[in-house]
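Given next are the chains, with one letter for each unit.
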Amino acid sequence: MQWIQRIGLTAMIMLLAACSGAQPYQYTDNREQPSGPGLFSGSDGAFSTAKGDSE
Amino acid sequence: MKMQKKLLAVAISGTLALLSAAPASAHEIDKLRAQIEAMTKRLDQLEQQTAQAEQKAMAAEAKTMQMEEHAKKQMAKMDSMAKPDKGVMSGNDKVRLSLSGHVNRGLLWADDGDEDNVYHVDNDASSTRLRLIGEADVSNDLTVGAAMEVQFESNSSASVNQLNETNVGNDNFTQRRLEIYFDNKRLGKLWIGQGWTASEGTSEVDLSGTDLAGYSDPSVFAGGIRFRDTGGMLTGTDVGDVFNNLDGLSRKDRVRYDTPTIAGFTAAASLIEGDAWDTALRYAADYSGMKVAGAIAYSDPNTPNVDNQVNGSVSVLLAGGLNLTLAAGEQDKITGADPSFYYGKVGYQTRLSNAGMTAFSVDYNRSDDAELAGDEGTAYGVQAVQKFDAWATEAYIGWRTHELNRVGTNVQDIDAVIAGARVKF
């Protein structure tokens, strides 16, 4: 089960990294829903009935 | 001006009085009187000119105000034309309903060693889709949401092949997300319905900015293209059979729970239709400009021949634009060889023009035992994506070579190039 070891190592690195005072941010999958404005919807990136962050 | 004239008259009177007291000739007095009259006349002229100038200035000011007023009216008219009154409005400020999506079309050129062809495709890396999201802040902590997302792919890049060049895929919308969710700031997020399982996307964390043109799953670009043996005959094995990035359990009907994010970490688990389940841990943090994101997952798909699956990925983007992405996974089968893969990508992002960010990368994928025991699939490629911020558009091009080393069969390599654009509307 080399994969368990590798994933465990990755998790440990991530855990150590988390303890070093980094600022969390929201990772978004660019392929699922690209961020930024839309060609027709403008700066919001979506046609919306109200200003506000979705999801 | 009147005060000045009075002072002038007083001064003149005083001067005359002094002159009268002093011995002076009548000629000099007449000369002085003439000068005084000339000065008085000049003062009157200046007074008239000043009054005229003041009138002109007032008229000009009035005209300017009129022009400004007109300009304001025109601006308001244009603004109202650009932003018409919204046809559907909620009376509740805490309710949001949004419509978004994108169209992603391209050309795929594929060469199987004997023949090559160009396909008109919908790029399956980020298929053409439409999304409707409704949210309501029912309290300070709780948001209730509903999401409907569908895709419409004509000739998916993952499906076209030598035998099916066109009219590939469903000629209608297909489901991606049909779900409701309850997002509590303190307790986490509960999802119910068709949507991302907890492990979905855990092999595909990627900060390179080139994922439209290539990422850890080679099967999305030329997945349907079949390998041809060295004798020129098409085999029944395509790129998608050989390469599998073991990316969790995809989108399913499920109940999913996400914990609140703590120090950049978010844990998630889902119970999925068919008695399957999965769990995942995600991480995302910014180290003074250096971004790190990663995910690991464990899944039990509850299928006849698969016991479990472990996979993960991590991506680092340095402040200067250099980035590294790694992914790996293994499936534990009840019988037979265990499929596995690993993936690496090195990329660079920079701004070559005012149009937007440009991203480049090279990548390598190795997939083993995906279809048959002993299969060794190798894919390597080059990707480039150019953003056009003002158009909400990304243009991309990616090239990949796919190799299959199979016991007892010699097949030719498949080269594929995909080029296209995604427009977010």
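Preceding this section is the structure that the text describes.
Quick caveat, the model's predicted, so the values are computed rather than measured. (Residues numbered from 1 in each chain as written. Chains lettered and ligands numbered in written order. Predicted model: local features only at pLDDT ≥ 70, side-chain atom pairs only at ≥ 80, totals over all residues. Heavy atoms only, no water.)

A. Looking closely at the overall build of chain A. Scanning chain A from N- to C-terminus turns up one helix and two strands. In chain A, the succession of helices and strands from N to C terminus is α-β-β. Evaluated residue by residue, chain A yields a buried proportion of 33% over its 55 residues. When the accessible surface of chain A is totalled, it reaches about 3600 Å², and 59% of it is carbon and sulfur. (Helix = DSSP H or I, 4+ residues; strand = E, 2+ residues; numbered from the N terminus. Buried < 20%, exposed > 50% of the residue type's maximum accessible area, 1.4 Å probe, protein only. Areas by Shrake-Rupley, 256 points an atom, 1.4 Å probe, with all protein chains shown as cover.)

B. Local environment of the environment of glutamate 135 of chain B. Residues and elements named next belong to chain B. With respect to the helices and strands, the residue glutamate 135 is situated in strand S3 (residues 129-137). A sequence separation of 258 residues divides glutamate 135 from threonine 393, and the C-alpha atoms of the two residues are 27 Å apart. Within the structure, glutamate 135 has its side chain in polar contact with the side chain of tyrosine 181 (distance 2.7 Å). (Polar contact = N/O pair within 3.5 Å; in protein donor to acceptor, adjacent residues only side chain to side chain.)

C. Representation of the environment of valine 138 of chain B. Residue and element names in this part refer to chain B. Secondary-structure assignment places valine 138 in the loop between S3 and strand S4 (142-151). A residue is classified by how much of its surface remains accessible, and valine 138, at 53% relative accessible area, is exposed. As for valine 138 and lysine 424, which are separated by 286 residues in sequence, their C-alpha atoms are 30 Å apart.

D. Molecular detail of the interface of chain A and chain B. With 38 residues of chain A at the interface, the matching set in chain B holds 62 residues. Carbon and sulfur atoms supply 57% of the area that chain A and chain B bury against each other, a total of about 4200 Å² over both sides. At the surface where chain A touches chain B, the tally comes to three salt bridges. Among the ionic pairs, glutamate 32 of chain A bridges to arginine 129 of chain B, the shortest N-O distance being 3.4 Å. Remark: the boundary between chain A and chain B carries 18 residue pairs in polar contact (both at pLDDT 80 or more). Mapped by element, the contributors of at least two residues to the side of chain A that touches chain B are helix H1 (2-18), strand S1 (23-24) and strand S2 (47-48) of chain A. For the side of chain A that touches chain B, the per-class residue count stands at 19 nonpolar, 13 polar and six charged. Here S1 of chain A runs beside strand S11 (residues 276-287) of chain B; their pairing, made up of two bridges, is antiparallel. Bridge pairing in S11 of chain B places proline 24 of chain A opposite alanine 285 of chain B. (Contact = heavy atoms within 4.5 Å. Buried area = accessible area lost by both parts, 1.4 Å probe. Salt bridge = Lys/Arg side-chain N within 4 Å of Asp/Glu carboxyl O. Nonpolar A, V, L, I, M, F, W, Y, C, P; charged D, E, K, R; others polar. Pairing = 2+ DSSP bridges.)

E. Representation of the packing of aromatic side chains. On inspection of all chains with the given rule, the structure shows eight aromatic pairs over all chains. On the basis of an interplanar angle of 50 degrees and a centroid distance of 5.7 Å, the ring pair of tyrosine 181 of chain B and tryptophan 191 of chain B is categorised as tilted. Pair noted here: tyrosine 181 of chain B is in strand S5 (residues 174-184) and tryptophan 191 of chain B is in strand S6 (residues 188-196), with a separation of 10 residues, a long-range link. Taken as a pair, tyrosine 181 of chain B and tryptophan 191 of chain B share a single burial class, namely buried. Seen in terms of ring centroids, tryptophan 277 of chain B and tyrosine 298 of chain B are 5.6 Å apart; in terms of plane orientation they differ by 45 degrees. Their pairing is tilted. You can see tryptophan 277 of chain B sitting in strand S11 and its partner tyrosine 298 of chain B sitting in strand S12 (residues 290-300), a full 21 residues away along the chain. Tryptophan 277 of chain B gets classed as partly exposed once you look at its relative accessible area, which sits at 34%. When its relative accessible area of 32% is taken as the criterion, tyrosine 298 of chain B is described as partly exposed. Through a chain of ring-to-ring contacts, the aromatic side chains of Tyr181, Trp191 and Trp196 of chain B assemble into a single cluster. Lying across the ring of tyrosine 215 of chain B, arginine 31 of chain A places its NZ or CZ 3.8 Å from the centre. (Phe/Tyr/Trp six-rings, centres within 6.5 Å; stacked < 30°, edge-to-face > 60°. Lys NZ or Arg CZ within 6 Å of the ring centre and 35° of its normal.)

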